[in-house]
Amino acid sequence: MKKMLLFPLMFFAFILLAVCAPSRRQPSASGTSGAQESSGTAGTDGEHSSGSATLVSGSNGRYLVLFASRSGNTGRVADEIRRQLDCDMLEVVPSVAYASDYHDMLDQAREELEAIRKGTYPSVGTTVKRFDDYEIVFVGYPIWFGSMATPMQAFLHLHQSGLSGKRIALFATSGSSGMSVSVGEARRLCPESEVLDQILLLTSSALSQTENRVGAWLRAVGAERQVPAHAVKNGNHRK
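Not measured: the values here are computed from a predicted model.

1. Observations regarding the layout of surface pockets
Then, in step 1: Taken as a whole, the largest pocket holds about 360 Å³ of empty space.
Then, in step 2: Taken together, 20 residues line the largest pocket, and the ones lying closest to its centre are Ser71, Tyr102, Pro142, Ile143 and Trp144.
Then, in step 3: Of all elements in the fold, only helix H2 (73–85), helix H3 (102–117), strand E5 (136–144), strand E7 (167–174) and strand E9 (200–203) reach the threshold of two or more residues within the lining of the largest pocket.
Then, in step 4: In terms of residue class, the lining of the largest pocket is made up of nine nonpolar, ten polar and one charged.

2. Some details on helix H6 (residues 210–221)
Then, in step 1: For H6, spanning twelve residues, the distance from its first C-alpha to its last is 16 Å, which sits close to the expected 16 Å at 1.5 Å a residue.
Then, in step 2: Here H6 has its buried residues at Thr210, Val214, Gly215, Trp217, Leu218 and Val221.
Then, in step 3: Where H6 is buried, its residues meet H2, E5, E7 and E9.
Then, in step 4: One or two positions beyond H6, positive phi appears at Gly222, with a value near 80°.

3. Details of the packing of aromatic side chains
Then, in step 1: Under the defined criterion, the tally for this structure stands at four aromatic pairs.
Then, in step 2: With 5.7 Å between their ring centres and 85° between their planes, Tyr98 and Trp144 make a pair best called edge-to-face. With Tyr98 in the loop between strand E4 (87–91) and H3 and Trp144 in strand E5, this residue pair connects regions lying 46 residues apart in the sequence. Residue Tyr98 shares its accessibility class with Trp144, and that shared class is buried.
Then, in step 3: Here the aromatic rings of Phe138 and Trp217 are separated by 5.5 Å at their centres, their planes lie at 70°, and the arrangement is edge-to-face. Of this pair, Phe138 sits in strand E5 while Trp217 sits in helix H6, and the two are 79 residues apart along the sequence.
Then, in step 4: For Phe138, a relative accessible area of 0% puts it in the buried group.
Then, in step 5: Among the aromatic side chains, those forming a connected cluster through ring pairs are Tyr63, Phe138, Phe171 and Trp217.

4. Things to note about the pairing of E7
Then, in step 1: By the criterion of burial, E7 is predominantly enclosed, with seven of the eight residues buried.
Then, in step 2: With seven bridges joining them, E5 and E7 adopt parallel strand pairing. Bridge pairing links Val139 to Leu170 in E7.
Then, in step 3: Two elements, E7 and strand E8 (residues 194–195), share two bridges in a ladder whose sense is parallel. Each residue of the ladder has a partner; that of Ile168, found in E8, is Val195.

5. Comments concerning the pairing of strand E3 (residues 60–67)
Then, in step 1: Within E3, six of the eight residues are buried, leaving the element largely enclosed by the surrounding structure.
Then, in step 2: Bridge count between E3 and E4: five bridges; the pairing is parallel. Looking across to E4, one finds that Val65 is bridged to Met89.
Then, in step 3: As a crossover connection, the stretch from E3 through H2 into E4 is right-handed.
Then, in step 4: As judged from the five bridges shared by E3 and E5, these two strands associate in the parallel manner. Paired with Leu64 across the two strands is Val137, which belongs to E5.

6. Thoughts on the packing of helix H4 (residues 150–158) against helix H5 (residues 180–189)
Then, in step 1: Relative orientation of the contacting elements H4 and H5 amounts to 25°, with a least axis distance of 9 Å. Between H4 and H5, the interaxial angle falls into the category roughly parallel. Between H4, through Gln153, Leu156 and His157, and H5, the contact on the second element is made entirely by Glu185, Arg188 and Leu189.

Cut-offs and rules
- Residues numbered from 1 in each chain as written.
- Predicted model: local features only at pLDDT ≥ 70, side-chain atom pairs only at ≥ 80, totals over all residues.
- Heavy atoms only, no water.
- 1 Å grid on protein atoms, 1.4 Å probe; cavity = no way out; pocket = protein on both sides within 12 Å on 5 of 7 lines; lining within 4 Å.
- Points joined across faces, edges and corners; volume = space filled by probe spheres on them.
- Helix = DSSP H or I, 4+ residues; strand = E, 2+ residues; numbered from the N terminus.
- Nonpolar A, V, L, I, M, F, W, Y, C, P; charged D, E, K, R; others polar.
- Expected span 1.5 Å × (residues − 1).
- Buried < 20%, exposed > 50% of the residue type's maximum accessible area, 1.4 Å probe, protein only.
- Contact = heavy atoms within 4.5 Å.
- Phe/Tyr/Trp six-rings, centres within 6.5 Å; stacked < 30°, edge-to-face > 60°.
- Pairing = 2+ DSSP bridges.
- Right-handed = clockwise from strand over helix to strand, strands pointing away.
- Axes fitted to C-alpha atoms, helices over the stretch in contact; angles between N-to-C directions.
- Parallel < 35°, antiparallel > 145°, perpendicular 65-115°, else oblique.

Following this line, the structure appears as structure tokens:
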């Protein structure tokens, strides 16, 4: 009799433990297209941080959006490009996080820009293994003291050979500064790439127009959302 009662009690205890045990979340899979994972946090909600950044993959493998962002403005523009094209996106971050204090960060940025002029680049925690599959690489950054933000300069310097022969489309955000100096920097850093004349600059006063401005710019550079093969086959493609 005791044995007959024991088995139901053991079965009940097993069910109770299974229900109450904490679940274990599986790590999310990273993107597997041409741009590989890197170190660095792909966040656009404020400060740079270091850690592990994952490629945000889209169904349109013709384009890659690379961006550096501290305040989050450039990150939001990058995300709008990614949304409109449904393409890959990856953040470029420094190996060591910048100071949280804004003035300290400016001092560091000024020092890094001066070091770059002497040929020394800061370390970045983002790398891309290959760019072979991409027709256009979109490169975005904030303007610091009239120049391209130093993490992006370091990234382009590091990936100069990989970007050889690629079309590069530049976009930037700033308080009020222009981006002509940064265009020259991009062409100096990537002499074997085709840096397009069509650029996109969004100042603080124009950020509310991001969606429309991005759409017009993408049309100007000839970038378009990929049409599914079945839609073309069935005659549903609208030009």
